[in-house]
Amino acid sequence: MAASVVPPTVAVIIPAMNEEKSLPTTLQSVLAQKPSPQEIVVVDPGSTDRTSEVASECGAQVLTSPRGRAVQMNAGARNTKADVLLFLHADTGLPEGAVAAIQVALCNPRVLGGCFELRFHEEEESWTLQLWSWCTRVQCCRTKRLVFGDRGIFVRRSSFEELGGYSEWPILEDVDFVMRLARLGSQSFEFLPLAVTTSARRMLEKGPLRQQLLNSCIIIAWYLGASPEQLRDWYRYQIAP
């Protein structure tokens, strides 16, 4: 009689800065998962609102770290023990069955990590948001070169440690991480057929089309050799009032 396979444990790591309004909904979607994640960690670099208090009230462990999304995610990973790390933005909710889907995907030993499809709360307000969401669900548009952190990136702890975690860059740390992870094997990255739902608030502030064009220019400039620091400064200039 074959021994039963024990599913990997999952830790959810949420970097957050002044996210007291978004966190309750996000954490509710995490706490509703069946099976439940083993650990839920919110990493706060020093919010001026009630981010830490809200996280604690919702049942999450709260850590502090220097500011920077990559820095915060690395700090969360170091302070967890689960087999799998799921990195979630503070305004991004998990769909029902997300943790179970991760565990099923990782039953294949060749799969080292992956991400979800993407939906926006505000999709009805913009055809650009609808188009971007649709692209994450179409096979021909699924490319590891355009996986951002709002899609809920997950990874085996062993692979995360092999890669040295996220590059602590001010921008594009998520795209860089997924591309490095993909180089570990031909089937190392899995696109799950479930969608996380995130807020497009920042995109709507600047205009979804303008934001997507800006993101595309940043990616192209990075491939052409621009440094993350140069891209950060240029990005800040472009979005300045």
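Just so it is clear, the model here is predicted, and its values are computed rather than measured. (Residues numbered from 1 in each chain as written. Predicted model: local features only at pLDDT ≥ 70, side-chain atom pairs only at ≥ 80, totals over all residues. Heavy atoms only, no water.)

A. Fine view of the UniProt feature "domain: Glycosyltransferase 2-like" (unreviewed entry) in the protein chain. Here the UniProt-annotated "domain: Glycosyltransferase 2-like" (unreviewed entry) positions come out as residues 12-163. The distance from the first to the last C-alpha atom of residues 12-163 is 19 Å, and the span holds 32% helix and 21% strand. (UniProt positions renumbered as here; feature names shortened; annotations may be inferred. Helix = DSSP H or I, 4+ residues; strand = E, 2+ residues; numbered from the N terminus.)

B. Spotlight on the packing of aromatic side chains. Using the criterion set out here, one finds nine aromatic pairs in the structure. Ring centres of Phe189 and Phe191 lie 5.3 Å apart, and the angle between their planes is 75°; this geometry places the pair in the edge-to-face category. Phe189 sits in the buried class, given a relative accessible area of 6%. Put simply, the rings of Phe87, Phe160, Tyr166 and Phe177 touch in pairs and so form one group of aromatic residues. For the cation-ring pair, Arg145 lies above Tyr223, with the distance from its terminal atom to the ring centre recorded as 5.4 Å. (Phe/Tyr/Trp six-rings, centres within 6.5 Å; stacked < 30°, edge-to-face > 60°. Buried < 20%, exposed > 50% of the residue type's maximum accessible area, 1.4 Å probe, protein only. Lys NZ or Arg CZ within 6 Å of the ring centre and 35° of its normal.)

C. View of the pairing of strand 2 (residues 39-44). For strand 2, the tally of buried residues reaches six of six residues, placing the bulk of the element in the interior. Note that the unit made of strand 1 (residues 10-15), helix 1 (residues 23-31) and strand 2 has a crossover that is right-handed. Across four bridges, strand 2 lies against strand 3 (residues 61-64) in parallel orientation. Looking at strand 3, one finds that Val43 is bridged to Leu63. (Right-handed = clockwise from strand over helix to strand, strands pointing away. Pairing = 2+ DSSP bridges.)

D. Here's a closer look at the nonpolar core. The biggest cluster of nonpolar side chains holds 33 residues, and the ones touching the most others in it are Leu23 and Phe116. A per-element tally of this core places helix 4 (residues 98-105) first, with five residues. The residues touching Leu23, leaving out its near neighbours within four places in the chain, are Ile14, Ala16, Val42, Thr51, Val54, Ala55 and Ala90. Residues Ala70, Phe87, Leu112 and Cys115 belong to the second largest nonpolar core, which totals 25 residues. (Core = buried A, V, L, I, M, F, W, Y, C linked by side-chain atoms within 4.5 Å. Contact = heavy atoms within 4.5 Å.)

E. Molecular detail of the state of the cysteines. Taken as a whole and assessed by the stated rule, the structure comprises zero disulfides. Unpaired in this structure, Cys107 has its nearest cysteine sulfur neighbour in Cys115, at a distance of 18 Å. Residue classification places Cys107 among the exposed residues on the basis of a relative accessible area of 54%. (Disulfide = S-S within 2.5 Å.)

F. Spatial organisation of the environment of Val178. On the secondary structure map, Val178 appears in helix 7 (residues 173-182). With a relative accessible area of 0%, Val178 lands in the buried category. If near-sequence neighbours (up to four positions away) are discounted, Val178 is found in contact with Lys144, Val147, Ile153 and Phe189.

G. Seen up close, the layout of surface pockets. By volume, the largest pocket amounts to about 1500 Å³. Along its surface, the largest pocket is lined by 43 residues, and Arg69, His89, Pro170, Arg202 and Tyr235 are the ones closest to its centre. Of all the secondary structure elements, the ones that give two or more residues to the lining of the largest pocket are helix 3 (69-78), strand 6 (113-120), helix 7, helix 8 (201-206), helix 9 (208-223) and helix 10 (228-239). The greatest single-element share of the lining of the largest pocket, amounting to five residues, is contributed by helix 8. The class makeup of the residues in the lining of the largest pocket is 19 nonpolar, ten polar and 14 charged. (1 Å grid on protein atoms, 1.4 Å probe; cavity = no way out; pocket = protein on both sides within 12 Å on 5 of 7 lines; lining within 4 Å. Points joined across faces, edges and corners; volume = space filled by probe spheres on them. Nonpolar A, V, L, I, M, F, W, Y, C, P; charged D, E, K, R; others polar.)

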